[in-house]
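If you want the building blocks of each chain, they are given just below.
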Amino acid sequence: MDIEAKIENPVCIRLGDAENVILADEVNKQNNPLVPGVMFGGNHYGFVLITDINGKQKEMVYPTQCRIDAVGIEGGVLKVFEEGKKTSWRFNKSGKLEHSIFGEFTDEYRSRFNTIVEHYDMFMGEPVLKNPLCVKIARNPEESVILKDELVQQDYPLYPGAILGTEHYGFILIIDTDKGQKEVFYPTQNRIDAIGIEDNEFEDLKIFENGKYHPWLFSYDGKFKQEASYNPYSRKDKAFVEDVYGLNMKDAIDRFTLKMKK
């Protein structure tokens, strides 16, 4: 079974000076307070943490490997629980990540899956923001650009985009809205190789991670459609994982066995 983190029907959490709530969605028709919190049925993968501190709003998007079981605040700490994980995600009252549970499966959950496939995913590494690429999504698509920074020498139009030779991990979409600019943060496992829109300014925005077959997909105005992912049937993708993370079949079995004996 593929245990790659994903975003599907994500839970939206608002944390800030005015309110601390889980936002309403298609299933839950009203906001719910984070104290005492909420338990979830259904299939919610990933969550969006919206912080509003001192009048400054940020959105961080966190994919999860398993469906979300519960969300709440305990002892001033925001906790997000995944099915089959030993502990919880933990954030301080300002929304700063204090603990990620990427790969922290219970032994019961771990034993359900094929050893090699599970090992393949477990060592892929946690998504990070390191020199994130900044992308401005303008109201007029012709004005949407990749913003220059210390590594990118100039602004590049999103149509047709650019091939990057830089060390950007993660990206920030800076979206123009009726209420002003909104920043949405997306961490990535690998560096970003290329970004752009094909055919015309109103097509989907594609962001390619090094080694991943499927790119991130967004509408031209910044709406999320699909997270980047590996192709489990691609020899190229598997070779990339083995090369970058030093994995092969024998190593996978050995390391898994050692981990299980602890």
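The notes below deal with the structure included here. Just so you know, these numbers come straight off a predicted model, no measurement behind them.

Calculation notes
- Residues numbered from 1 in each chain as written.
- Predicted model: local features only at pLDDT ≥ 70, side-chain atom pairs only at ≥ 80, totals over all residues.
- Heavy atoms only, no water.
- Salt bridge = Lys/Arg side-chain N within 4 Å of Asp/Glu carboxyl O.
- Buried < 20%, exposed > 50% of the residue type's maximum accessible area, 1.4 Å probe, protein only.
- Helix = DSSP H or I, 4+ residues; strand = E, 2+ residues; numbered from the N terminus.
- Core = buried A, V, L, I, M, F, W, Y, C linked by side-chain atoms within 4.5 Å.
- Contact = heavy atoms within 4.5 Å.
- Pairing = 2+ DSSP bridges.

What to know about the pattern of salt bridges
Think of it this way: side chains of opposite charge can pair up when their charged atoms draw near. Within the structure shown, the criterion is met by 15 salt bridges. A salt bridge links Arg14 to Glu19; the shortest N-O distance between them is 3.6 Å. Of the residues examined, Arg14 reaches a relative accessible area of 19% and is grouped as buried. For Glu167, the salt bridge is made with Arg191, and the minimal N-O distance between the two is 3.8 Å. Residue Glu167 is found in the loop between β14 (162-163) and β15 (171-177), and its partner Arg191 is found in the loop between β16 (180-186) and β17 (192-197); the two are separated by 24 residues along the sequence. Connected through salt bridges with shared partners, the residues Arg67, Asp69 and Glu83 form a single ionic network.

Observations concerning the nonpolar core
Leu133, Phe171 and Ile195 are the most contacted members of the largest nonpolar core, which has 25 residues in total. Counting residues per element, the ones that place at least two in this core are β5 (47-53), β11 (133-137), β15, β16, β17, β18 (205-209) and β19 (216-218). Setting aside residues up to four positions removed in sequence, Phe171 forms contacts with Leu129, Pro132, Leu133, Val184, Phe185, Tyr186, Thr188, Ile192, Ile207, Trp216 and Phe218. With 22 residues, the next largest nonpolar core counts Val11, Phe47, Val71 and Leu78 among its residues.

Thoughts on the sheet that holds strand β8 (residues 77-82)
For sheets, the rule is that strands pair by backbone hydrogen bonds, running either parallel or antiparallel. A sheet is described by the order of its strands in space; here five strands give the open sequence β4-β7-β8-β9-β10, paired in antiparallel fashion. One side of each edge strand has no neighbouring strand; the edge strands of this open sheet are β4 (38-39) and β10 (97-99). Taken together, the two bridges between strand β9 (residues 88-91) and β10 define a ladder with antiparallel strand orientation. The partner of Arg90 across the bridge, within β10, is His99.

A word on the sheet that holds strand β3 (residues 32-33)
Ordered in space as β3-β2-β1-β5-β6-β16-β15-β11-β12-β13, the ten strands form an open sheet in which the pairing is mixed. Strands with a single pairing partner mark the edges of an open sheet, and in this sheet they are β3 and β13 (156-157). With two bridges joining them, β11 and strand β12 (residues 145-146) adopt antiparallel strand pairing. Bridge assignment links Lys136 to a residue of β12, and that residue is Val145.

No statement about biological role is implied by the geometric values presented.
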